[in-house]
Amino acid sequence: SGRFSKPSTSTKRTTFADVAGQDQAKKEVAELVEFLREPERFQKVGAEVPHGVLLMGPPGTGKTLMAKALAGEADVPFFSTSGSEFIEVFVGVGAGRVRKMFEAARKAAPAVIFIDELDSIGRTRGTGLGGGHDEREQTLNQILAELDGFDGKEAVVVLAATNRPDVLDPALLRPGRFDRHVTLNLPDRAARKAILDIHARDLPLDDPGNLDDIAGGTPGFSGADLKNLLNEAAINAARRSAGSITAQDLQEARDKVLMGTVRTLAIQP
Ligand code: ATP
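Here is what the cut-offs are and how they apply
Residues numbered from 1 in each chain as written. Predicted model: local features only at pLDDT ≥ 70, side-chain atom pairs only at ≥ 80, totals over all residues. Heavy atoms only, no water. Helix = DSSP H or I, 4+ residues; strand = E, 2+ residues; numbered from the N terminus. Contact = heavy atoms within 4.5 Å. Pairing = 2+ DSSP bridges. Axes fitted to C-alpha atoms, helices over the stretch in contact; angles between N-to-C directions. Near = heavy atom within 4 Å. Polar contact = N/O pair within 3.5 Å; in protein donor to acceptor, adjacent residues only side chain to side chain. Areas by Shrake-Rupley, 256 points an atom, 1.4 Å probe, with all protein chains shown as cover. Nonpolar A, V, L, I, M, F, W, Y, C, P; charged D, E, K, R; others polar. Salt bridge = Lys/Arg side-chain N within 4 Å of Asp/Glu carboxyl O. Buried < 20%, exposed > 50% of the residue type's maximum accessible area, 1.4 Å probe, protein only.

The name given to the protein in an unreviewed UniProt entry is ATP-dependent zinc metalloprotease FtsH, and the organism recorded there is Celeribacter persicus.

Here's what the structure looks like:
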């Protein structure tokens, strides 16, 4: 129906090699790769593997990237949707979409389902004020029903991302639901360098050593911020009609992203 992204075979697979840093999170997610690759091995001995995994962490720390990497490492289809897509739909529509997505994933199993921005549907029930409240609640109830419907051996792993685990309905976190939690953190200096290296792979830097300085000068930047920074620097170079990206392009881009970050932080409640 095109309501959620269908598994794709045309684009390059994302793997753990695309995720810099986040070693602990990678280790935890890697345990699921084996299960998705060879579910029969687990099913044969009656081993139940967790179905629901909550990815927690600040915006831009690679939650979506990690979910894609799990599907890529296991080489299984990836179904994704975002909680924000359900906010303004009619009552019943959101629940129907959730049902269809789970149905498609079960059919394609082994498979990975990813629900981004879980908090926009998964907030504690009974706290909404009219409006889309009923709809949100029905969508949430459908997710809970789908998670409860797994027979323990079906090879479907459901990852959900949130940067507000504190507002989630406790029903989502009960055993058998999103009962495994993986935290992604803002990168430290070494991880920032590694992220810059990944995203600068195909960029013409006049001196790759400049990335060291940028890694040192970007505390608090997320992976998404760093990717943004490199793109801004490339735009700077293009504006100058230059063939390579200089230290000054990078510094200016850093300042620009930093201002954007400050602005975004300032409007947060
Ligand atoms: P949000 O909470 O805003 O949805 P997110 O945590 O899902 O963000 P992603 O969308 O996965 O973050 O990250 C945005 C982009 O930043 C990714 O596509 C990736 O290119 C880059 N990125 C983030 N973290 C990393 C990382 N650890 N290694 C490499 N690239 C990263």
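So much for the structure itself; the text now carries on.
Colleague: Just checking my understanding: could you explain the environment of Leu147 for this structure?
Modeller: Within the fold, Leu147 resides in helix α6 (residues 133-149). The spacing of Leu147 and Phe102 is 45 residues in sequence and 9.2 Å in space, taken between C-alpha atoms. Sequence-distant contacts of Leu147, defined by excluding residues within four places in its chain, comprise Val158, Gly176, Arg177 and Phe178.

Colleague: What am I meant to see in the sheet that holds strand β2 (residues 78-82) here?
Modeller: Two pairing modes exist for strands in a sheet, parallel and antiparallel, and in both the strands are linked by backbone hydrogen bonds. Strand order across the open sheet formed by 5 strands is β2-β3-β4-β1-β5, with parallel pairing between neighbours. For this open sheet the edge positions go to β2 and β5 (180-183), each flanked by a neighbour on one side alone. Within this sheet the neighbouring strands show an average axis-to-axis angle of 20 degrees, counted without direction. With respect to the sheet, helix α3 (residues 63-74) is in contact with β1 (52-56), β2, β3 (111-116) and β4 (156-162), its orientation differing from that of β3 by roughly 170 degrees.

Colleague: I tried to follow the site of the ligand on my own but got confused; where do I start?
Modeller: Taken together, 17 residues lie around the ligand, and Ala20, Gly60, Lys63, Thr64 and His199 are the ones closest in. Lys63 places a main-chain nitrogen or oxygen 2.9 Å from an oxygen atom of the ligand. At a separation of 2.9 Å, a nitrogen atom of the ligand approaches a polar side-chain atom of His199. Coverage of the ligand by the protein amounts to 81% of the 630 Å² it exposes when considered alone. The residue makeup of the shell around the ligand, split by class, is 6 nonpolar, 7 polar and 4 charged.

Colleague: Is there a simple way to think about the pattern of salt bridges in this case?
Modeller: A side chain of one charge can pair with a side chain of the opposite charge when the charged atoms of the two come close. Per the counting criterion, the structure on display carries 14 salt bridges. The salt bridge partner of Arg180 is Glu31, with a shortest N-O separation of 3.2 Å. In this pair, Arg180 is assigned in strand β5 and Glu31 in helix α1 (residues 23-37), connecting sequence segments 149 residues apart. On the basis of relative accessible area, Arg180 is assigned to the partly exposed category, the value being 25%. The partner of Glu73 in a salt bridge is Arg37, and the shortest N-O contact between them spans 3.9 Å. Of the two residues, Glu73 is situated in helix α3 and Arg37 in helix α1; the sequence distance between them amounts to 36 residues.

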